[in-house]
Amino acid sequence: MPTLLVTGGCGFIGANFIRWQLQTHADQKVVNLDKLTYAGNPENLADVASDPRYVFEHGDICDREFVDRVLKDHQPDLVVNFAAESHVDRSILDSGPFVRTNIVGTQILMDACRAVGTQRYLQVSTDEVYGSLGAEGFFTEETPLAPNSPYSASKAAADLLVRGYVHTFGFPAVITRCSNNYGPYQFPEKLIPLFISNALKDQALPVYGTGHNVRDWIHVLDHGRGIDAALRRGRVGEVYNFGGHSEVRNIDLTLTLLELLGKPKTLIKYVTDRPGHDLRYAIDCAKAETELGWKPQYNFRDGLRETIDWYLANTAWIDRIKSGEYRKYYEQQYGGRL
Ligand code: NAD
Ligand code: TYD
């Protein structure tokens, strides 16, 4: 049975990806290597934990001995690296963990893959490595890297390291760069789950700056299908962009969320802008569409409704997160501003 190793599988995108892999690839073992940071939650995969094709390995991608042991034990054919520190605002508070996990962790994982001869490695990157767009234009795979936050700089550094391994060692890697994801199990520090969960409790929704910043939203399962296509059909050394064809200003998204939740606009609170806040992200995914035969399937409004329904049905999941260690971050980030 072929083996797929996923790192960071207890986070938002990794958990959705693993569940979908187990549903769609019957004859495959999935190994999930995760450190369980504040963002890693085993509850996100509770429904598959007893599947005999699923194995959990608890540890850090920066721990060479541990990663070597996992790779030797499981000899994965395919590896997808989701493990990362993923939140821009946290990278502004402290960039140390971002440099360690996102850069050093990627190096250690690739070295371990080389040692066991992994057939294909996929680096999950982000459109944020391209920097910020003005009112016009789209990011293509040829857009020069110009990251603006410690988070995106650490992701761009990892991408360059992957490129170096491909060219120097013939390392069989592909890179994917995706726009902002939404869907079930997203940690409620990110815009959509934060605003849904605050609104449900009639708490303020902190819109940064003018609210005119634009993001291109993609459903997490559309991203997952793209990763699967690039992993199995992408060309080594290539980059593939994924986006949702759903550009929305933050303030318009906030108004839509309030409308779908039946909550008043008075919950909106404009707060001090994020330092270095990128204005606009928008993706040209023509390469993925023509080369991989991939296309986003979700319409944003329908996907958003479905996502709201999931959060409404899982308020206990959010409450457990919001009453735990996350409270400290929330107070540091928004305390006194809301
Ligand atoms: P997340 O923060 O929800 O989850 C990250 C996961 O990685 C957690 O389970 C965490 O425990 C694990 N992890 C962190 N450090 C680790 C380490 N040192 N060793 C092992 N595991 C570790 O993140 P996410 O939103 O699911 O993002 C996953 C990946 O996708 C990241 O690489 C991110 O850069 C990329 N990405 C995210 C988005 C988005 O909109 N969320 C968009 C494009 C790309
Ligand atoms: P976020 O979900 O943090 O993703 P990213 O910064 O990676 O794009 O933020 C999405 C957008 O929403 C971004 O423009 C910042 C903005 N934002 C707010 O206005 N208020 C908030 O409380 C958060 C978390 C984000």
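Read on for an overview of the structure.

## Details of the site of ligand 2
Not every one of the 19 residues close to ligand 2 is listed here, only the nearest: Glu128, Pro206, Arg274, His277 and Tyr334. Measuring from an oxygen atom of ligand 2, one finds a backbone N or O atom of Leu191 at 3.0 Å. Within the contact set of ligand 2, an oxygen atom lies 2.6 Å away from a side-chain nitrogen or oxygen of Tyr334. Look at ligand 2: alone it shows 510 Å² of surface, and the protein chains cover 97% of it. Elements represented by at least two residues in the shell around ligand 2 include exactly helix 6 (191–200) and strand 8 (205–208). Considered class by class, the residues forming the shell around ligand 2 number 9 nonpolar, 5 polar and 5 charged.

## What about the packing of helix 6 against helix 8 (residues 250–261)?
Look at helix 6 against helix 8: their axes get within 10 Å of each other, and the N-to-C directions meet at 40°. Classified by the interaxial angle, the pair formed by helix 6 and helix 8 is oblique. Considering the relative orientation of helix 6 and helix 8, their crossing is right-handed. On helix 8, the residues that touch Leu191, Ile192, Phe195, Ile196, Ala199 and Leu200 of helix 6 are Asn250, Leu253, Thr254, Leu257, Leu258 and Leu261.

## Things to note about the packing of aromatic side chains
Geometry of an aromatic ring pair is reported as the spacing of the ring centres plus the angle between the planes. Counting across every chain of the model gives 19 aromatic pairs. Ring geometry for Phe187 and Tyr326: centres 5.2 Å apart, planes at 90°, overall edge-to-face. Linking Phe187 in the loop between strand 7 (181–182) and helix 6 with Tyr326 in helix 12 (residues 326–334), this pair joins segments that are 139 residues apart in sequence. You can call Tyr326 buried: its relative accessible area is 5%. Ring pairing ties together the aromatic residues Tyr38, Phe187, Tyr326, Tyr329, Tyr330 and Tyr334, which thus form one cluster.

## Some remarks on the sheet that holds strand 2 (residues 29–34)
An order of 3-2-1-4-5-6-11 is seen for the 7 strands of this open sheet, with the pairing classed as parallel. Each edge of the open sheet is held by one strand with a lone partner, namely strand 3 (54–58) and strand 11 (239–242). For this sheet, the mean inter-axis angle between neighbouring strands, taken without regard to orientation, is 20°. Pairing analysis gives 4 bridges linking strand 6 (residues 173–178) to strand 11, with the strands arranged parallel. Note that in strand 11 the partner of Cys178 across the bridge is Phe242. Most of the contacts of helix 7 (residues 220–233) go to strand 5 (residues 120–126), to which it runs at about 145°, and overall it touches strand 1 (3–7), strand 4 (78–81), strand 5, strand 6 and strand 11.

## Things to note about the side chain of Asn32
As for its position among the elements, Asn32 is in strand 2. Taking relative accessible area as the criterion, Asn32 reaches 0% and is therefore assigned buried. Other than its neighbours up to four places away in sequence, Asn32 contacts Val6, Gly8, Gly9, Cys10, Ile18, Leu45, Tyr54, Val55, Phe56 and Glu57.

## Some points on the site of ligand 1
Near ligand 1, the surroundings consist of 28 residues, among which Asp34, Asp60, Ser86, Tyr151 and Lys155 are the closest. For ligand 1, a nitrogen atom lies 3.0 Å from a polar atom in the backbone of Ile61. In isolation ligand 1 has 830 Å² of accessible area, and contact with the protein removes 97% of it. Looking at the shell around ligand 1, the elements with two or more residues in it are helix 1 (12–24), strand 5 and helix 5 (150–169). Top contributing element to the shell around ligand 1 by residue count: strand 5, with 3 residues. When the residues that make up the shell around ligand 1 are grouped by side-chain class, the tally is 12 nonpolar, 12 polar and 4 charged.

## Brief notes about the packing of helix 6 against helix 10 (residues 300–313)
The contact between helix 6 and helix 10 brings their axes to 11 Å, and the two run at 55°. With respect to helix 10, the element helix 6 is oriented oblique. Note on packing geometry: the crossing formed by helix 6 with helix 10 is right-handed. Where helix 6 approaches helix 10, its residues Ile192, Pro193, Ile196 and Leu200 are matched on the opposing element by Phe300, Leu304, Ile308, Tyr311 and Leu312.

Conventions used here
Residues numbered from 1 in each chain as written. Chains lettered and ligands numbered in written order. Predicted model: local features only at pLDDT ≥ 70, side-chain atom pairs only at ≥ 80, totals over all residues. Heavy atoms only, no water. Near = heavy atom within 4 Å. Polar contact = N/O pair within 3.5 Å; in protein donor to acceptor, adjacent residues only side chain to side chain. Areas by Shrake-Rupley, 256 points an atom, 1.4 Å probe, with all protein chains shown as cover. Helix = DSSP H or I, 4+ residues; strand = E, 2+ residues; numbered from the N terminus. Nonpolar A, V, L, I, M, F, W, Y, C, P; charged D, E, K, R; others polar. Axes fitted to C-alpha atoms, helices over the stretch in contact; angles between N-to-C directions. Parallel < 35°, antiparallel > 145°, perpendicular 65-115°, else oblique. Left-handed = near helix turned anticlockwise from the far one by under 90°. Contact = heavy atoms within 4.5 Å. Phe/Tyr/Trp six-rings, centres within 6.5 Å; stacked < 30°, edge-to-face > 60°. Buried < 20%, exposed > 50% of the residue type's maximum accessible area, 1.4 Å probe, protein only. Pairing = 2+ DSSP bridges.

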